[in-house]
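# Structure assessment
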Amino acid sequence: MQEVTLYTDGACKGNPGTGGWGALLQSGKHSKELFGGEANTTNNRMELTAVIQGLAALKRPCIVNIYTDSKYVKNGMQQWIHNWKAHDWKNAAKQPVKNIELWQALDAAVSKHQVHWHWVKGHAGHPGNEKADELANRGVELVQ
């Protein structure tokens, strides 16, 4: 399987507010930049959308190293989602999981790949994360 590195980020001007998402895919000498935005959204929704869109750009199953500065996304996929699915998409308080349609879409997207999750501190000079942040802000500009 081909190995791909995916850097993702979300941005929101106001929360909720105008938001953007960015994804940078790299494999060997190749790279692809993706971004988009929504008029009325939240930062967490944009963080999730960035990963979903990045994975959707892959044409075949890959080994994907995902780098995100969102503990919400990383912890959701590595820790919380198993219980949510076991309890009919309800959280520990027995309430419906927020952003359920995005979590379900991300769950479906990762099932096609061999995914490894990595957390990076945001705005700390990590080149891939900084580029994803730049792309997310371009997404915000598309909507404004």
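A short tour of the structure in this document, coming up. Small disclaimer: the values here were computed from a predicted structure and weren't measured.

## Observations regarding the nonpolar core
Nonpolar side chains in soluble globular proteins tend to end up buried together. Counting residues in hydrophobic clusters, the biggest one holds 29 residues, and the most contacted among them are Leu 55, Trp 103, Leu 106 and Trp 117. Of all elements in the fold, only strand S1 (2-14), strand S2 (17-27), helix H1 (43-56), strand S4 (62-68), helix H2 (71-86) and helix H3 (100-110) reach the threshold of two or more residues within this core. With 6 residues, the single largest contributor to this core is H1. The contact partners of Leu 55, leaving out residues within four places of it in the chain, are Leu 6, Val 64, Ile 66, Leu 106, Ala 109, Val 110 and His 113.

## Brief notes about the packing of aromatic side chains
Counted according to the given criterion, the structure contains 6 aromatic pairs. Centroid distance Tyr 72 to Trp 103: 5.2 Å. Interplanar angle 65°. Geometry classified as edge-to-face. Residue Tyr 72 is located in helix H2, and its partner Trp 103 is located in helix H3; the two are separated by 31 residues in the primary sequence. No difference in accessibility class separates Tyr 72 from Trp 103, as the two residues are buried. On the numbers, 6.0 Å between centres and 50° between planes, the contact of Trp 80 with Trp 84 is tilted. Residue Trp 80 and its partner Trp 84 are located together in helix H2, separated by 4 residues, close to a single helical turn. Here Trp 80 falls in the partly exposed class, since its relative accessible area comes to 33%. For Trp 84, a relative accessible area of 10% gives the class buried. Connected via pairs of aromatic rings, a cluster forms that spans Tyr 72, Trp 80, Trp 84, Trp 89 and Trp 103. Over the ring of Trp 119 we find Lys 71, and its NZ or CZ is 4.6 Å from the ring centre.

## Some remarks on the side chain of Asp 133
Among the structural elements, Asp 133 can be located in helix H4 (residues 127-143). The buried charged residue Asp 133 lacks any salt bridge, with Lys 13 as its nearest oppositely charged partner at 6.9 Å.

Conventions we followed
- Residues numbered from 1 in each chain as written.
- Predicted model: local features only at pLDDT ≥ 70, side-chain atom pairs only at ≥ 80, totals over all residues.
- Heavy atoms only, no water.
- Core = buried A, V, L, I, M, F, W, Y, C linked by side-chain atoms within 4.5 Å.
- Buried < 20%, exposed > 50% of the residue type's maximum accessible area, 1.4 Å probe, protein only.
- Helix = DSSP H or I, 4+ residues; strand = E, 2+ residues; numbered from the N terminus.
- Contact = heavy atoms within 4.5 Å.
- Phe/Tyr/Trp six-rings, centres within 6.5 Å; stacked < 30°, edge-to-face > 60°.
- Lys NZ or Arg CZ within 6 Å of the ring centre and 35° of its normal.
- Lys, Arg positive; Asp, Glu negative; His and termini not counted.
- Salt bridge = Lys/Arg side-chain N within 4 Å of Asp/Glu carboxyl O.

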